[in-house]
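A structural walkthrough
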Amino acid sequence: MIAPPHRFTWPRLSDADKAAVLALLEKGETSYYGREGVLTRLEDFWSGRLQGRRALGMSSGTAALHSAFFALGTGPGDEVLCPTNTFLATVMPLVQLGATPVLCDAEPDTGNIDPAALAAAITPRTAGIVVTHLWGHPCDMTPILELARRHGLWVVEDCSHAHGATYHGHEVGTFGDAAAFSFQGAKIVYAGQGGLLASKDQETHERACLLGHFRVRCEQDIESSLGRFSGTGFGLNYRMHPFAAALAMESSLAMEMRIADRARLLGRLAAGLASIPGLIPPATRPGCDRGAYYGFKLRLSGQWLEAGAEKVARALACEGLDVHPPGSRPLHLLPFFTDGSVPLRRAAPPIRVPEYKRGDFPVAEELWRTSLSLPTFTFSDEEQLVEGYCEAFEKVARHLPRIASCAEI
């Protein structure tokens, strides 16, 4: 049995993390209006990683996505093609802009948005595509970019799971017109709450500044005639807190080492579980690297599936494992996308969204139904924990028929 005190925890705040925040406190550096302080270092670091793209620190990954969609001109009447197999923040900022999210099914091996489903969903109203590099695996960007070029569509990358991931030698966040990163506490780059927008061109960066970085940052960064609106921008405050920037900077510097350790440990976990019949570890396609590998999703088949993911998870929990079915179901199964209209205010007409139902996107539904979430082991002192997980799965495998027949576990 895995002893509970040794369960996976993230993040582990380092001495460097604490010192970076304490240094700001001692200087009284508690708020930024412009590009200054540790925020400058953080933005330069990520701009360097992302082939010189304009980097803008954000209060969250959601704010980065909202800013990207706004900056690219998304508005009422526009349709945007989105994955159904993603977190809600990839899609919901579109609703705030009056655009219509059009959901698309997933690829069976990676869980990412299926380029064939994208092609089938294009209409004359389609304005753009947003993709999520799900669980760190890059989307198949070659056909996606070709589709966007052919139809004159913008592309936004949600890189919130995929810090440092690469597709045929190029880092995610360098393919689309804009890219959003989350630095929320569960990510390999953590800020508590925070994010970053990387823009391909100056105009997109300037428009993003106007949405959520009024006054000083707009005055610093806007070179065009849009600068006349710097005094008000569009009134939102999406600035990154200095403490968040400090944590994100320190964890960015540690990222490559942690990615390498995570890849090694999760490789051992995958190899151990793959030797057990009916367990399918995450697949990584040739030419792709998962980078941060946010989330280890194990697929069930055979007797494991007959027992059911819920019962299997409870049996594994009895062995001390932190294993559970995926928490986020595909978006098209949530009430926002099944009810057909959503009331916002009593005096306002409801928002019209496409009305979906179970069975519309069978691949995403099957992935959700047949998966378990395991920890993303990262640190060298977790090697024994990885071995313990493999041993516990082997033990549960011997008792699957009894588990399947139990009313409760």
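Each remark here, short or long, concerns the structure printed above.
Below or above, wherever it landed, is the structure these notes cover. (Residues numbered from 1 in each chain as written. Predicted model: local features only at pLDDT ≥ 70, side-chain atom pairs only at ≥ 80, totals over all residues. Heavy atoms only, no water.)

1. Section: the packing of aromatic side chains
Inspection of every chain in the model, using the stated rule, returns 16 aromatic pairs. With centroids separated by 6.0 Å and ring planes inclined at 40°, the aromatic side chains of tryptophan 46 and phenylalanine 183 adopt a geometry described as tilted. Remark: phenylalanine 183 occurs in the loop between β8 (178–182) and β9 (195–199) and tryptophan 46 occurs in helix α2 (residues 37–49); sequence separation between them is 137 residues. Phenylalanine 183 carries the same exposure label as tryptophan 46, and that label is buried. The interplanar angle of 15° and the centroid separation of 6.1 Å between the aromatic rings of tyrosine 293 and phenylalanine 296 together place this pair among those described as stacked. In this structure, tyrosine 293 and phenylalanine 296 share a single accessibility class: buried. The structure contains a cluster of three or more aromatic residues connected by ring pairs, namely Phe45, Trp46, Phe181 and Phe183. The residue whose ring lies beneath arginine 49 is tryptophan 46, and the NZ or CZ to ring-centre distance is 5.7 Å. The lysine or arginine in question, arginine 215, covers the ring of tyrosine 33, its NZ or CZ lying 5.8 Å from the ring centre. (Phe/Tyr/Trp six-rings, centres within 6.5 Å; stacked < 30°, edge-to-face > 60°. Helix = DSSP H or I, 4+ residues; strand = E, 2+ residues; numbered from the N terminus. Buried < 20%, exposed > 50% of the residue type's maximum accessible area, 1.4 Å probe, protein only. Lys NZ or Arg CZ within 6 Å of the ring centre and 35° of its normal.)

2. A short note on the pairing of strand β4 (residues 126–132)
Across the seven residues of β4, seven count as buried, placing the element largely inside the fold. In this sheet, β4 lies alongside strand β2 (residues 79–83) in parallel orientation, the contact comprising three bridges. What sits directly across from leucine 81, in β4, is isoleucine 129. After leaving β4, the chain enters helix α6 (residues 141–151) and then returns to the sheet as strand β5 (residues 154–158), a path that is right-handed. (Pairing = 2+ DSSP bridges. Right-handed = clockwise from strand over helix to strand, strands pointing away.)

3. Here we look at helix α1 (residues 15–27)
For α1, which comprises 13 residues, the first-to-last C-alpha distance of 18 Å matches the rise-based estimate of 18 Å (1.5 Å per residue) to within 8%. Listed as buried for α1 are Asp17, Ala20, Val21 and Leu24. What you see down the axis of α1 is that its buried residues fit within an arc of 90°, all on one side. Along α1, the residues that are exposed and aim more than 90 degrees away from the buried face are Asp15, Lys18 and Glu26. On its buried face, α1 sits against α2 and α9 (242–253). Positive phi appears at glycine 28, one or two residues downstream of α1, with a value of about 70°. (Expected span 1.5 Å × (residues − 1). Arc of directions from axis to C-beta. Contact = heavy atoms within 4.5 Å.)

4. So, the packing of α2 against α9
Interaxial distance between α2 and α9 falls to 9 Å at its minimum, and their mutual angle equals 40°. Viewed along their axes, α2 and α9 adopt a mutual orientation that is oblique. The handedness of the crossing between α2 and α9 is left-handed. The segment α2 lies against α9, with Val38, Leu39, Arg41, Leu42, Phe45 and Trp46 engaging Pro242, Ala245, Ala246, Ala248, Met249, Ser252 and Leu253. Along the lines of polarity and charge, the residues of the contact of α2 with α9 split into 11 nonpolar, one polar and one charged. (Axes fitted to C-alpha atoms, helices over the stretch in contact; angles between N-to-C directions. Parallel < 35°, antiparallel > 145°, perpendicular 65-115°, else oblique. Left-handed = near helix turned anticlockwise from the far one by under 90°. Nonpolar A, V, L, I, M, F, W, Y, C, P; charged D, E, K, R; others polar.)

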